[in-house]
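Geometric and topological summary
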Amino acid sequence: ELKDQDRLWILPLAGFGIITALVFGMMILYQNYSGLLKMGAASGEPELVIFFASLVSGILIVFIGTPLCLSNIFYSRDTMLVAPLPVTTAEITGARVLSVYLFILPIHILLTAPAVIVFIQSGAAQASMVTAIISTILFSFTSLAFPLLLSTCAALLLSALGILSGKRALFEILGMM
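Calculation rules
- Residues numbered from 1 in each chain as written.
- Predicted model: local features only at pLDDT ≥ 70, side-chain atom pairs only at ≥ 80, totals over all residues.
- Heavy atoms only, no water.
- Helix = DSSP H or I, 4+ residues; strand = E, 2+ residues; numbered from the N terminus.
- Buried < 20%, exposed > 50% of the residue type's maximum accessible area, 1.4 Å probe, protein only.
- Contact = heavy atoms within 4.5 Å.
- Areas by Shrake-Rupley, 256 points an atom, 1.4 Å probe, with all protein chains shown as cover.
- Phe/Tyr/Trp six-rings, centres within 6.5 Å; stacked < 30°, edge-to-face > 60°.
- pLDDT = per-residue confidence, 0-100.
- Expected span 1.5 Å × (residues − 1).
- Bend = angle between axes of the 7 residues up to and from the residue.
- Axes fitted to C-alpha atoms, helices over the stretch in contact; angles between N-to-C directions.
- Parallel < 35°, antiparallel > 145°, perpendicular 65-115°, else oblique.
- Left-handed = near helix turned anticlockwise from the far one by under 90°.
- Polar contact = N/O pair within 3.5 Å; in protein donor to acceptor, adjacent residues only side chain to side chain.
- Nonpolar A, V, L, I, M, F, W, Y, C, P; charged D, E, K, R; others polar.

Here we look at the overall build of the chain
Counting its regular elements, the chain contains seven helices and zero strands. Listing each helix as α and each strand as β along the chain from the N terminus yields α-α-α-α-α-α-α. Looking at the chain as a whole, 29% of its 177 residues are labelled buried. Partitioning the contacts of the chain with sequence separation of at least 6, the portion at a separation of at least 24 is 77%. With the model as given, the accessible surface of the chain reaches about 11500 Å², and the carbon-plus-sulfur share is 75%.

What follows is the structure, encoded as structure tokens:
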């Protein structure tokens, strides 16, 4: 539609706006995490910055992940399309959970990367830079398991309550809030 109306200039402008918002958001997080690191270092616990970044990310992911799980796993309309395929129900569900995970992973990395950078730059990391980077990568992929599990359980509970009470639409709306 933009091409038909000769308004393609909107796409680079929108891209520039998104990149600018991400850069400034990361700068704000970096400053906040620097303050948290100083507070943690003063109390002898410089890892506090990593803990709080993970906590904030986990809470946000539970709130983002629940509607995603509801729409992607439980209320997906393509079930009849994939039913004749030679795959099991567990594989289909696993693929849907993986898609939610892959959607949430960049959000988690954007929230925790500044904390990890602050922590490594401060010299508080007791390991070498290579070890710190490897542990950060492993941490990024594994620390999402618990918030995603909570999101999936909340979505399952809302879905079950909707089916049992006969008010599916009400619980769909509650889950999307």
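Quick notes on the packing of aromatic side chains
Applying the stated criterion to the full structure yields one aromatic pair. Ring plane angle 65° and centroid distance 5.4 Å describe the contact between Phe51 and Phe52, whose orientation is recorded as edge-to-face.

What about the confidence of the model for the chain?
Averaged over every residue, the pLDDT of the chain is 82; residues scoring 70 or more account for 90%. Mean pLDDT across the secondary structure elements of the chain bottoms out at helix α7 (residues 168–176), with 69, and peaks at helix α1 (residues 10–42), with 90.

Quick word on helix α2 (residues 48–74)
Every α-helix winds through 3.6 residues per turn, so residues three or four apart in the chain are directed the same way. An ideal rise of 1.5 Å per residue puts 39 Å on 27 residues; α2 measures up with 37 Å between its terminal C-alpha atoms. In α2, a bend of some 30° at Gly65 exceeds every other bend along the element, and Pro67, a proline, comes one to four places later.

Concerning the side chain of Ser151
Relative to the helices and strands, Ser151 resides in helix α6 (residues 145–165). Setting aside residues up to four positions removed in sequence, Ser151 forms contacts with Ile61, Val62, Gly65, Thr66 and Cys69.

Quick look at the packing of α1 against helix α4 (residues 89–121)
As a packed pair, α1 and α4 sit with axes 9 Å apart at the nearest point and diverge in direction by 45°. In this view, α1 runs oblique relative to α4, as classed from their interaxial angle. Judged by the twist between their axes, the crossing of α1 over α4 is right-handed. Residues Leu22, Met26, Leu29, Tyr30, Tyr33, Ser34 and Leu37 of α1 form the contact with α4, whose own contacting residues are Leu110, Leu111, Pro114, Ala115, Ile117, Val118, Phe119 and Gln121.

Things to note about the side chain of His108
Within the secondary structure, His108 is located in helix α4. Residue His108 is classed as buried on the basis of its relative accessible area of 1%. Within polar-contact distance, the side chain of His108 engages the side chain of Ser57 at 2.5 Å. Among residues more than four places away in sequence, those in contact with His108 are Ser57, Ile61, Phe139, Ser140, Ser143 and Leu144.

Observations concerning the packing of α2 against α6
Interaxial distance between α2 and α6 falls to 7 Å at its minimum, and their mutual angle equals 45°. In terms of orientation, α2 and α6 fall into the oblique class. Crossing hand, α2 versus α6: right-handed. Contacts between α2 and α6 involve Gly58, Ile61, Val62, Gly65, Thr66, Cys69, Leu70 and Phe74 from the first element and Pro147, Leu148, Leu150, Ser151, Thr152, Ala154, Ala155, Leu156, Leu158 and Ser159 from the second. Tallied by class, residues from the contact of α2 with α6 come to twelve nonpolar, six polar and no charged.

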